[in-house]
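Per-entry structural report
Here are the chains, one letter per residue:
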Amino acid sequence: MNMEIICIILLMITSYVHAEVTCTNDANCLYSYATTLSVDCSSRDLKIPPCFNKTSDIVAINLRNNKFNHVPTNMSRNIEFLDLSHNNISDNTSLQKYKRLRHLNLDSNNIKADSFQNVTRMSNLQFLSLKGNFIDFDGYPNNLLAGFVSLYHLRINGLPQGNFADMFPNKAYSLKILDVSGFDGSCSISRLNGSMFDKFNLTHLNLSHCNLMHIEKGSLASQRHLQFLGASYNERLGFRGFQSIAHDLQNSTIKVLKLKKVHCTFGLGTILLLNHTAYLNKTLLEELYLDSNRLEIIETGVITYHLPKSLRFLSLGDNKLDNGIYVLEVSALQNLQTLNTGHMEC
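Nothing here was measured: the structure is a model prediction, and the numbers come from that model.

For the protein chain, the count of helices and strands is 6 helices and 18 strands. Dimensions of the protein chain along its principal axes, counting C-alpha atoms only, are 100 × 40 × 40 Å. When each of the 346 residues of the protein chain is scored for burial, the buried share is 48%. Summing over all exposed atoms, the protein chain offers an accessible surface of approximately 16700 Å²; the carbon and sulfur share of this is 53%. Distance between charge centroids for the protein chain: 5 Å, based on 31 positive and 29 negative side chains.

Shown next, in the form of structure tokens:
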């Protein structure tokens, strides 16, 4: 009888010890030191976090492409850079511990919007990437990012009924770069309106691959300091979207405008009209991309009168243009350095 009791006690102790295993020494992480100490534990098939050496000195940790289902709790509270992308994380509660974080990548996990709403007081965070999360949500919860007062660069899925402004309780003028492109995430925003951006003062906005069909005039009018706008690969937007963009960004600081493939692949050739480009000459645009739009005709006067003289790079590749009068008009662009007409169809 005594032997049976001893065996039971030993079994209980073994189970307890196993339950208390919170980290592994077999991760073979790479430690490197430049000006700060960083640790690379990516792609190691980990379910349990590594037992970090010199924990208090670590500033950057890469745990990308593992099998974590929660944010590890044994990392240095001094870390400023953390990559947990491509895991299975659904429990993000312990993020609260790491208040010095400035860069956080959580792409491609199982994080729900209502769960992430509980993450507050991340006052030092400047870069946040959440692409590939919030899969079952149509919109953003109110005040989702209320505690992110220093946020500069946000990457997030474009939700079908999502209003970007809903994520913040007040003006979010620290946010300068907003990337909702479906190129490396998911984006299903069919329509833009002005209320989506009225809390921001952006310099870069990426709306490519978003299934965008309509841009209401005035949607982007508040973004006077926008320098880069990407709206490529929205195949149902058409040049009418160009018209709204040109209207809204007149007298703005726009430098780069990308409108590649805003028409579907098959169909009749398209025409770029004067009314599509009106107001564009009231910008200091330097780069314009109109590739892959089945473009066949550019109305006389578009290049001479509507394209700004500040233009240095014009890309018209993969279209159907022939040697029309537009070739002669290009000489009016006094600062043009590059005209790309590669892969033209006959």
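Don't stop here, the text continues.
A word on the state of the cysteines. Considering all chains together, one arrives at 3 disulfides under this definition. The disulfide that involves cysteine 29 links it to cysteine 41, with 2.0 Å between the sulfurs. The sign of the S-S torsion, about 120°, decides the handedness of the disulfide formed by cysteine 29 and cysteine 41: right-handed. One end of the pair, cysteine 29, is in the loop between α1 (2-19) and β1 (30-33); the other, cysteine 41, is in the loop between β2 (37-40) and β3 (58-62), and 12 residues separate them in sequence. Here the two residues cysteine 29 and cysteine 41 agree in accessibility, since each one is buried. Residue cysteine 187 pairs covalently with cysteine 210 via a disulfide, S to S 2.0 Å. When the S-S torsion is 100°, as for the bridge of cysteine 187 with cysteine 210, the disulfide is right-handed. One end of the pair, cysteine 187, is in the loop between β8 (177-179) and β9 (191-192); the other, cysteine 210, is in the loop between β10 (204-206) and β11 (214-215), and 23 residues separate them in sequence.

With that settled, consider the confidence of the model for the protein chain. Looking at the protein chain, pLDDT values average 91 and 93% of them are 70 or higher. Contacts from residues 13-20, a stretch scored under 50 in pLDDT, to residues over four places away or in other chains number 0 contacts.

Parameters and conventions
Residues numbered from 1 in each chain as written. Predicted model: local features only at pLDDT ≥ 70, side-chain atom pairs only at ≥ 80, totals over all residues. Heavy atoms only, no water. Helix = DSSP H or I, 4+ residues; strand = E, 2+ residues; numbered from the N terminus. Buried < 20%, exposed > 50% of the residue type's maximum accessible area, 1.4 Å probe, protein only. Areas by Shrake-Rupley, 256 points an atom, 1.4 Å probe, with all protein chains shown as cover. Lys, Arg positive; Asp, Glu negative; His and termini not counted. Charge placed at Lys NZ, Arg CZ, Asp CG, Glu CD. Disulfide = S-S within 2.5 Å. pLDDT = per-residue confidence, 0-100. Contact = heavy atoms within 4.5 Å.

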